[in-house]
Every structure is written in C-alpha cells, then in structure tokens.
Amino acid sequence: MDGFEPNDGIIVIAATNRPDVLDPALLRPGRFDRQVVVGLPDIRGREQILKVHMRKVPLADDVDPAIIARGTPGFSGADLSNLVNEAALFAARAGKRLVNMDMFDKAKDKIMMGAERKSMVMSEKEKRNTAYHEAGHAIVGRLVPDHDPVYKVTIIPRGRALGVTMFLPEEDRYSFSRQTIISQICSLFGGRIAEEMILGPEYVTTGASNDIERATQLARNMVTKWGLSERLGPIQYAEDDGEPFLGMSASYRSKQFSDETAKTIDQEVRRVIDECYTTAKRLLEENEDKLHMMADALIEYETISAEQIDDIMAGAKPRAPGDIPPPPPAAGGTPDARPDDSGERPIGGPAEEH
C-alpha cells in the first residue's frame, strides 16, 4: 500500500458510499487510484436483476418483470432482492403456492411506503383529517405541471406516518427542472392547505411538519445550491455541511457570504415558499368538490389507486378496487407460462406523509 514496493499479483479492492470523506492520501497514484462508480440500475438493469432473484421463487404466470421494473425507479439491486423476498413472504402468509403480481404490488408498497399498521386504531375525526390531508397532496400533485404521477394514496398508517401519498416517476430521472421542484413544493403544501380549508386555521394539525421541512429544504437548495434564483444568480451560497474529517472542528468552517446576502437568501426562500403556497391554495379552492370526493373515497376504501384518482379528477365517482382491470403486459415482457399454475390473478386491478 505504500506505492514503492513491487507487490506483483496483489490487488486491493475497497468499497465506500462516502468517497468525500476519504483521506486524499488513500487516493494518490499507486494506491486506490482506479475507481469504479456503481450507480443504480436503469429499467433494463432492474428487469435483468429481477429475473435473477425470481429464479428462487415459484411464480404465477401473470408476473411480468418488465412491469415491475417500470414501477421501481431508483431501486438498487438490494432493494429488488428485498422486493422478491417480501413478495414471497406475502404469498406464504396468504397460503399461496405461487407468487403472483398482487404479492409484488404489496411488497413494493411496503418497501416504498412502509409496513401497514392496521392494528393502530384511529378515531373517525383523525381518519377524516388524514383523508383530506392526503387528498390535498394528491390533487395538487395532479394539477401542477411536470410533476410525477400519483401512484397510490392511503390512510392506513404505514411506518411512522398516519397516511401516505406516493408519487411514482414514469421513467428514470437524473436531473430536475426548476418547474419540477416548484411543483414538488406546491404538492407538499397541499396537505396543510386542505386541513386549513376543511377544519379552519385554528384546527390545523402538526401532521404537515415533515412536509414543511422538505419544502423549506427544497426552496433553500434552489436558492443556495442549484442557482435557480434569478435574484441571486448562479452562485453557490450553501455552507459546507459535510462531516468533519480527521479531527477538523466545526469551528474551522466559515460562512462564505455577508450578512446582507444571508438576509437576501432568507427573503428569496420566503418568496418561493409563499408563491408555491398561494398556487397550491388556489388549485384546491378551484377543485374543492374533487377534494371532498377523494376524501370520501379514502374513508370508504382506505387506499385508492391511480385509476380511481383518474375517475375523481374527471368528476366521476371512483370505481371500486375490484372493478379496475389489471395493467396490460409491458412491451417485450415474456412471462413464463407454468403448467402447474393455480390460476391466481391480481386482486383489484418509488410519498407525502402525514
């Protein structure tokens, strides 16, 4: 490792997910100077990874790796392995011999939104409030431009959240436009605004704390990191938020801008937040009938899918989960036909948290 002795035939391999905190002495020529970056798989990579892990479980003939890969953007190889394992566990708990597509949908929901806590008892008032909160997220997310489509909305407690609105991108994304970020901030405020409209300002709950935190961070990053503020221009004002390395104290960090600039940054963040809040409020006020309809559907079904949300946004009563047809096969998908198939089919047809 000293770079001077000839150690022929010896190769040292290391892996890290934090290359930014490595001592530069480790990376100089002769040491770890050959670097291979392992990124997340794209849709074709996810499909091939799924096929490898699916060899270990008995599959129903409706399982199509291409459809699952299309619905799991951002999943790593470990995530996909866990997805197959969770689907097999769902099948085992249900006493099924084959793992069908419905089991994979449930496994995906568990990984992306957290495990269901159906044993948690919620009062009717809490359930109604959560339904309006999640409906606010979903409606604003559907109406703002360049936003990821709504995948599923639920008021079944999952993980630490009382309800979840899950947005799923249609394709892998590697960068985000200014409009996309603005739309995300708008949808984050949809839940709080819906509560304020229905319950009144004095009865707004603390359920939007995570939404406010994420919206504020997005707005601040727009201004200080990504150069998306016309007033401040394409200059990075963000302070170094990395961990101290090799005993470097936090006191060594210095602010790289003046107090006047700091005040301007705060004003710009406030402007972005206020504009997004106003936009989200206007959209919900213009679509209050759909807000009530979606909240009623959530109270009735507890979980609604993208197809039911399409019905609501078209002004129609949402279909029951059992009336929604399964998704069509993906292009190029070749599900294996198995002679011992039991004929199982999907039942009923990657989030803002409250």
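Look a little higher up for the structure.
### A short note on the pairing of strand β1 (residues 150–154)
- Burial analysis of β1 places five of its five residues in the buried class, which makes it a mostly covered element.
- As paired elements, β1 and strand β2 (residues 164–167) share four bridges and run antiparallel to each other. Paired with V153 across the two strands is T165, which belongs to β2.
- Direction of pairing for β1 relative to strand β3 (residues 303–305): antiparallel, over a ladder of three bridges. Bridging across to β3, V153 finds its partner in I304.

### Structural notes on the packing of helix α3 (residues 77–93) against helix α4 (residues 101–113)
- Look at α3 against α4: their axes get within 8 Å of each other, and the N-to-C directions meet at 125°. The orientation of α3 with respect to α4, classified from their angle, is oblique. Along this stretch, α3 crosses α4, giving a crossing that reads as right-handed. The segment α3 lies against α4, with D79, N82, L83, V84, E86, A87, F90 and A91 engaging M103, F104, K106, A107, K108, K110 and I111.

### Concerning the packing of aromatic side chains
- According to the stated counting rule, one finds two aromatic pairs in the structure shown.
- Ring geometry for Y237 and F257: centres 6.1 Å apart, planes at 80°, overall edge-to-face. Taken as a pair, Y237 in the loop between α7 (209–224) and α8 (259–286) and F257 in the loop between α7 and α8 lie far apart in primary sequence, 20 residues in all.
- Residue Y237 is classed as buried on the basis of its relative accessible area of 14%.
- Owing to a relative accessible area of 15%, F257 belongs among the buried residues under this scheme.
- The ring centre of F90 lies 5.5 Å from the NZ or CZ of R93, which sits over that ring.

### Some thoughts on the pattern of salt bridges
- Inspection of every chain in the model, using the stated rule, returns 13 salt bridges.
- Notably, a salt bridge pairs D102 with K106, separated by 3.7 Å at the nearest N-O pair. You can see D102 and its partner K106 sitting in helix α4, four residues apart, about one turn around the helix.
- Residue classification places K106 among the partly exposed residues on the basis of a relative accessible area of 38%.
- Where E286 meets R282, a salt bridge forms, and the shortest distance between an N and an O atom there is 3.6 Å. Separated by four residues within a single helix, E286 and R282 lie in helix α8, roughly one turn from each other.

### Notes on the side chain of D311
- Its place among the elements puts D311 in helix α10 (residues 306–313).
- Judged by its relative accessible area of 14%, D311 is buried.
- Only 2.9 Å separates the side chain of D311 from the side chain of R319, close enough to count as a polar contact.
- Aside from chain neighbours lying at most four places away, what touches D311 is A316, K317, P318 and R319.

### What about unusual backbone geometry?
- Not every positive phi belongs to a glycine, and D146 is a case in point at roughly 55°.
- Owing to a relative accessible area of 37%, D146 belongs among the partly exposed residues under this scheme.
- Of note in this structure, E302 is not a glycine but carries a positive phi near 70°.
- Locating E302 in the fold gives a position in the loop between α9 (288–301) and β3.
- Accessibility expressed as a relative area gives 30% for E302, which makes it partly exposed.

### Some remarks on the environment of E213
- Looking at where E213 falls in the secondary structure, it is placed in helix α7.
- Among the residues examined, E213 registers a relative accessible area of 56% and is labelled exposed.
- Linking E213 and L188, residues 25 residues apart in sequence, is a C-alpha distance of 9.6 Å.

### Looking at the environment of D62
- Here D62 shows up in the loop between α1 (43–54) and α2 (65–70).
- By relative accessible area, D62 is classed as buried at 18%.
- Within the structure, the side chain of D62 is placed 3.4 Å from the backbone nitrogen of M101, a separation counted as a polar contact.

### Re the packing of helix α5 (residues 124–143) against α8
- The contact between α5 and α8 brings their axes to 10 Å, and the two run at 100°. Classified by the angle between their axes, α5 and α8 sit roughly perpendicular to one another. Here α5 contributes G136, I139, V140 and L143 to the contact with α8, which in turn contributes A280, L283 and L284.
- Its residues assigned to classes, the contact of α5 with α8 comprises six nonpolar, one polar and no charged.

What counts as what
- Residues numbered from 1 in each chain as written.
- Predicted model: local features only at pLDDT ≥ 70, side-chain atom pairs only at ≥ 80, totals over all residues.
- Heavy atoms only, no water.
- Buried < 20%, exposed > 50% of the residue type's maximum accessible area, 1.4 Å probe, protein only.
- Helix = DSSP H or I, 4+ residues; strand = E, 2+ residues; numbered from the N terminus.
- Pairing = 2+ DSSP bridges.
- Axes fitted to C-alpha atoms, helices over the stretch in contact; angles between N-to-C directions.
- Parallel < 35°, antiparallel > 145°, perpendicular 65-115°, else oblique.
- Left-handed = near helix turned anticlockwise from the far one by under 90°.
- Contact = heavy atoms within 4.5 Å.
- Phe/Tyr/Trp six-rings, centres within 6.5 Å; stacked < 30°, edge-to-face > 60°.
- Lys NZ or Arg CZ within 6 Å of the ring centre and 35° of its normal.
- Salt bridge = Lys/Arg side-chain N within 4 Å of Asp/Glu carboxyl O.
- Polar contact = N/O pair within 3.5 Å; in protein donor to acceptor, adjacent residues only side chain to side chain.
- Nonpolar A, V, L, I, M, F, W, Y, C, P; charged D, E, K, R; others polar.

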